[in-house]
Amino acid sequence: GSAFDYNTAHNGAVINSKGLMTIDSSNFTNNSAHNGGVIYNDRNHATVNNSLFSDNYANAQGGAIYNSGYLKLSNSIFDGMYGSTGGAIHNDQNVTVYNSTFTNNRAGYNGAAIYSINVVFVSDSTFRDNGGNKAVYSDYGNIENCKFIDGDNVSGRITVAPDCQYLTTPVFDD
């Protein structure tokens, strides 16, 4: 794995993909761009596994990732991202997310964690304390076996399976 910190660019501060791309066991912290604070996947295939994205920013779309291709994410953490749409991920094409965690992400418009205008599939993932309008916004796709904690929820015409859980963290006084 690799570490990428404090990089800046117009599209994809760290990676501007124009071909096949695989990222494994990498850390991305405090990167920024206009679109895709870390990754700008331009109409190609990208895979991200076992990676940590923290405190990345996009002026426009996708605080961590802007995707207009085919993106598969697994076992990754997105914490503290910001994008106008898609605090962590803005998807224009096809994204699949497995066993990942989205916390403290923000969006100015929609999709504090994930904003998608095309197909999104999310499974076995957790969403917590994502602000803005809805943790996940999409008009196409499915969400199954996920946890939405402390008010995080879904909007758009996406299908949410009955095995998803909406939970509230109890507050205990000393």
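Below is a short write-up of the structure. (Residues numbered from 1 in each chain as written. Predicted model: local features only at pLDDT ≥ 70, side-chain atom pairs only at ≥ 80, totals over all residues. Heavy atoms only, no water.)

Before going further, it helps to examine the overall build of the chain. Secondary structure assignment for the chain yields zero helices and 25 strands. Taking 174 residues into account, the globule formula puts the C-alpha radius of gyration at 16 Å, and the chain, at 15 Å, falls close to it. A principal-axis box enclosing the C-alpha atoms of the chain has dimensions of 45 × 40 × 30 Å. Sequence-distant contacts, at least 24 apart, represent 57% of the contacts inside the chain between residues at least 6 apart. Element-wise, carbon and sulfur atoms account for 44% of the exposed surface of the chain, whose accessible area totals about 7700 Å². For the chain, the distance from the average site of its 8 positive side-chain charges to the average site of its 15 negative ones is 8 Å. (Helix = DSSP H or I, 4+ residues; strand = E, 2+ residues; numbered from the N terminus. Rg over C-alpha atoms; globule rule 2.2 N^0.38 Å. Contact = heavy atoms within 4.5 Å. Areas by Shrake-Rupley, 256 points an atom, 1.4 Å probe, with all protein chains shown as cover. Lys, Arg positive; Asp, Glu negative; His and termini not counted. Charge placed at Lys NZ, Arg CZ, Asp CG, Glu CD.)

Applying the stated rule across the entire model yields three salt bridges. The shortest N-O distance in the salt bridge between Asp42 and Arg43 comes to 3.1 Å. Under the relative-accessibility criterion, Asp42 is labelled buried at 8%. A relative accessible area of 63% means that Arg43 is categorised as exposed. Connected through salt bridges with shared partners, the residues Arg128, Asp129 and Asp150 form a single ionic network. (Salt bridge = Lys/Arg side-chain N within 4 Å of Asp/Glu carboxyl O. Buried < 20%, exposed > 50% of the residue type's maximum accessible area, 1.4 Å probe, protein only.)

Our focus in this paragraph is the environment of Leu20. Along the chain, the position of Leu20 falls in the loop between strand 3 (15-17) and strand 4 (21-24). Taking relative accessible area as the criterion, Leu20 reaches 76% and is therefore assigned exposed. Residues Leu20 and Asn44, spaced 24 residues apart in sequence, show a C-alpha to C-alpha distance of 6.2 Å.

What follows covers the side chain of Ser138. Among the structural elements, Ser138 can be located in strand 21 (residues 136-144). Within the structure, Ser138 has its side chain in polar contact with the backbone oxygen of Asn118 (distance 3.4 Å). One polar contact links the side chain of Ser138 to the main-chain carbonyl oxygen of Tyr140, over a distance of 2.8 Å. Apart from the residues lying within four places of it in its own chain, the contact partners of Ser138 are Ser116, Asn118, Val120, Ser155, Gly156, Arg157 and Ile158. (Polar contact = N/O pair within 3.5 Å; in protein donor to acceptor, adjacent residues only side chain to side chain.)

What follows deals with the packing of aromatic side chains. The geometry of an aromatic ring pair is captured by two quantities: the separation of the ring centres and the angle between the planes. A full pass over the atoms with the stated rule returns eleven aromatic pairs. Ring geometry for Phe53 and Phe78: centres 4.6 Å apart, planes at 5°, overall stacked. One end of the pair, Phe53, is in strand 9 (residues 52-54); the other, Phe78, is in strand 13 (residues 77-79), with 25 residues separating them in the sequence. In this structure Phe78 comes out as buried when scored by relative accessible area, which is 0%. (Phe/Tyr/Trp six-rings, centres within 6.5 Å; stacked < 30°, edge-to-face > 60°.)

One broad rule of soluble globular proteins: the nonpolar side chains tend to lie buried together. Core analysis: the biggest nonpolar cluster contains 33 residues, and Phe53, Phe78, Ile114 and Phe127 have the highest contact counts within it. In terms of residue count, the dominant contributor to this core is strand 19 (residues 114-123) (three residues). Excluding residues that lie within four positions of it along the chain, Phe53 makes contacts with Phe28, Val38, Ile39, Val48, Ala64, Ile65, Ile77, Phe78, Asp79 and Met81. (Core = buried A, V, L, I, M, F, W, Y, C linked by side-chain atoms within 4.5 Å.)

Spatially, 1-5-9-13-17-20-22-25 is the arrangement adopted by the eight strands of the open sheet, whose pairing is parallel. At either margin of the open sheet sits one strand with a lone partner, and together these are strand 1 (3-5) and strand 25 (165-167). Strand-to-strand twist across the sheet, computed as the mean angle between neighbouring axes with direction ignored, equals 5°. Pairing analysis gives three bridges linking strand 1 to strand 5 (residues 27-29), with the strands arranged parallel. The residue bridging Asp5 from the neighbouring strand is Thr29, located in strand 5. (Pairing = 2+ DSSP bridges. Axes fitted to C-alpha atoms, helices over the stretch in contact; angles between N-to-C directions.)

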